[in-house]
Amino acid sequence: MMRIDIATLFVDMCQTVMDTSIIGRAQKKGVLTVRCHNIRDYTLSKQARVDDAPYGGGMGMVMQADPIYRCWEAVCADAGSRPYGIYLSPQGKVFTQHKARELTKHDHLFLLCGHYEGVDERVLEEIIDEEISIGDFVLTGGELPALIVADAVARLCPGVLSDSVCFEDESLYRGLLEHPQYSRPAVWHDKAVPDVLLSGDHKKIEEWRFEKSLRRTLRKRPDLLEEVLLNDKEQKLLDKIRAESEAD
Ligand code: SAM
């Protein structure tokens, strides 16, 4: 079972999100454990300080090494082993669905959320295995990135979603975007749901969905098609769609 520990200065923000909806229910079902820790609880300073000015001068404050290290030590002691340490940082590799899947191979993740100007480098050297960014922009803190990583990883863990088809079928799982989705009513604002979806013919529906998935990926994210593995039949279909769109 996956365990995720989040070390933060804003514990309520993380706890609220992780206790909500699918991830919250997964915890109640006992198929996932998420623990959020307030780094401030681990400071030895009387004023509960967790940050200080950067050596060498400059703007802002830096999160100190010791409270973070002590928080990590408490997590290690509780788990009886060293978790895979991730620092959410704009300097990390950009997070992808592929990375989310890769992280499910670990059974315990420790996510460190920075704030202010960042974190004392020395503690990162000791406890962090990997830095992850959620995109090439800078946020005020690592909480939103940590929640994004935790959510994306948790929903891939066994038992979190009701059926593995839920994610095996969707965008980016096999490197393609998902086909369009429709629900009741069958006609809305004069727009009818495609007939094939009402036909009950599962083979035809699968073929239609796959073709739509290829068409969407070609239109919205053609870069993804460079990486995707297609069998001969699928490749022929893609070639046909490409030829059509060039002819348009
Ligand atoms: N001075 C740092 C730098 O230039 O690398 C940026 C610090 S940022 C204002 C504060 C914290 O927000 C970081 O320590 C990190 O935890 C988090 N953060 C900001 N942008 C992020 C991103 N794109 N991905 C992941 N974490 C991010």
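Note that the coordinates shown come from a computational prediction; the quantities given were computed from them, not determined experimentally.

## Topic: the layout of surface pockets
Estimates place the volume of the largest pocket at around 480 Å³. When contributions to the lining of the largest pocket are tallied by element, the ones reaching two or more residues are β5 (84-94), α5 (121-127) and β7 (130-133). Considering only residue class, the lining of the largest pocket consists of 13 nonpolar, 10 polar and four charged. Approximately 310 Å³ is the volume attributed to the second largest pocket. For the second largest pocket, the full set of lining residues is T96, Q97, H98, R101, L172, Y173, G175, R221, L224, E227 and V228. Of the residues assigned to the lining of the second largest pocket, the class counts are four nonpolar, four polar and three charged.

## Notes on the sheet that holds strand β1 (residues 2-8)
Reading across the sheet, the five strands line up as β2-β1-β6-β5-β7 and stay open at both edges, with parallel pairing between neighbours. Two strands close off the open sheet at either side, each with one partner strand: β2 (32-38) and β7. Neighbour to neighbour, the strand axes of the sheet diverge by 30 degrees on average, direction disregarded. In this sheet, β7 lies alongside β5 in parallel orientation, the contact comprising five bridges. When the bridges of β7 are listed, I86 appears paired with E130.

## Side note on the site of the ligand
Surrounding the ligand, one finds 21 residues, the nearest of these being Y87, L88, Q91, E117 and F137. Within the backbone of G114, one N or O atom sits 3.0 Å away from an oxygen atom of the ligand. Note that an oxygen atom of the ligand is positioned 3.5 Å from one of the backbone N or O atoms of G141. When isolated, the ligand has an accessible area of 580 Å², and the protein chains bury 85% of it. If you map the ligand onto the pockets, it falls in the largest pocket. For the shell around the ligand, the secondary-structure elements that each account for two or more residues are β5 and β7. Element by element, the count of residues in the shell around the ligand is highest for β5, at five residues.

## Considering the nonpolar core
Ranked by size, the top nonpolar core spans 32 residues in total, and within it I4, I6, L32 and L111 carry the most contacts. Residue assignment for this core shows that the elements contributing at least two residues are β1, α1 (11-18), α2 (21-29), β2, β5, α4 (97-103), β6 (108-113) and α6 (143-154). For this core, the element with the most residues is α6, which contributes seven residues. Discounting chain neighbours no more than four positions away, the residues touching L32 are M1, M2, I4, I23, A26, Q27, A154 and V160. The next biggest cluster of nonpolar side chains, apart from the first, holds 19 residues, and it includes A7, C71, W72 and V123.

## Examining unusual backbone geometry
Glycine aside, residues mostly have negative phi, and peptide bonds are mostly found in the trans state. Omega for the bond connecting R184 with P185 falls within 30 degrees of zero, at 5 degrees, which places this linkage in the cis form. Of note, P185 is situated in the loop between α7 (165-168) and β8 (187-188). One non-glycine residue, Y116, lies in positive phi territory at about 55 degrees. Here Y116 shows up in the loop between β6 and α5.

## Examining the pairing of β1
Each regular strand displays side chains that alternate between the two surfaces of the sheet. Of all seven residues that make up β1, seven are buried, and the element is covered over most of its length. The side-chain alternation of β1 yields two buried faces, one formed by M2, I4, I6 and T8 and the other by R3, D5 and A7. Of the strand pairs in this sheet, β1 and β2 are connected by seven bridges, and their pairing is parallel. Bridge pairing in β2 links T8 to N38. Examined bridge by bridge, β1 and β6 share five bridges and lie parallel to one another. By the bridge assignment for β6, I4 is matched with L109.

Definitions and limits used
- Residues numbered from 1 in each chain as written.
- Predicted model: local features only at pLDDT ≥ 70, side-chain atom pairs only at ≥ 80, totals over all residues.
- Heavy atoms only, no water.
- 1 Å grid on protein atoms, 1.4 Å probe; cavity = no way out; pocket = protein on both sides within 12 Å on 5 of 7 lines; lining within 4 Å.
- Points joined across faces, edges and corners; volume = space filled by probe spheres on them.
- Helix = DSSP H or I, 4+ residues; strand = E, 2+ residues; numbered from the N terminus.
- Nonpolar A, V, L, I, M, F, W, Y, C, P; charged D, E, K, R; others polar.
- Pairing = 2+ DSSP bridges.
- Axes fitted to C-alpha atoms, helices over the stretch in contact; angles between N-to-C directions.
- Near = heavy atom within 4 Å.
- Polar contact = N/O pair within 3.5 Å; in protein donor to acceptor, adjacent residues only side chain to side chain.
- Areas by Shrake-Rupley, 256 points an atom, 1.4 Å probe, with all protein chains shown as cover.
- Sits in = over half its atoms within 2 Å of the grid points.
- Core = buried A, V, L, I, M, F, W, Y, C linked by side-chain atoms within 4.5 Å.
- Buried < 20%, exposed > 50% of the residue type's maximum accessible area, 1.4 Å probe, protein only.
- Contact = heavy atoms within 4.5 Å.

Spatial relationships are all this shows, so hold off on functional conclusions.
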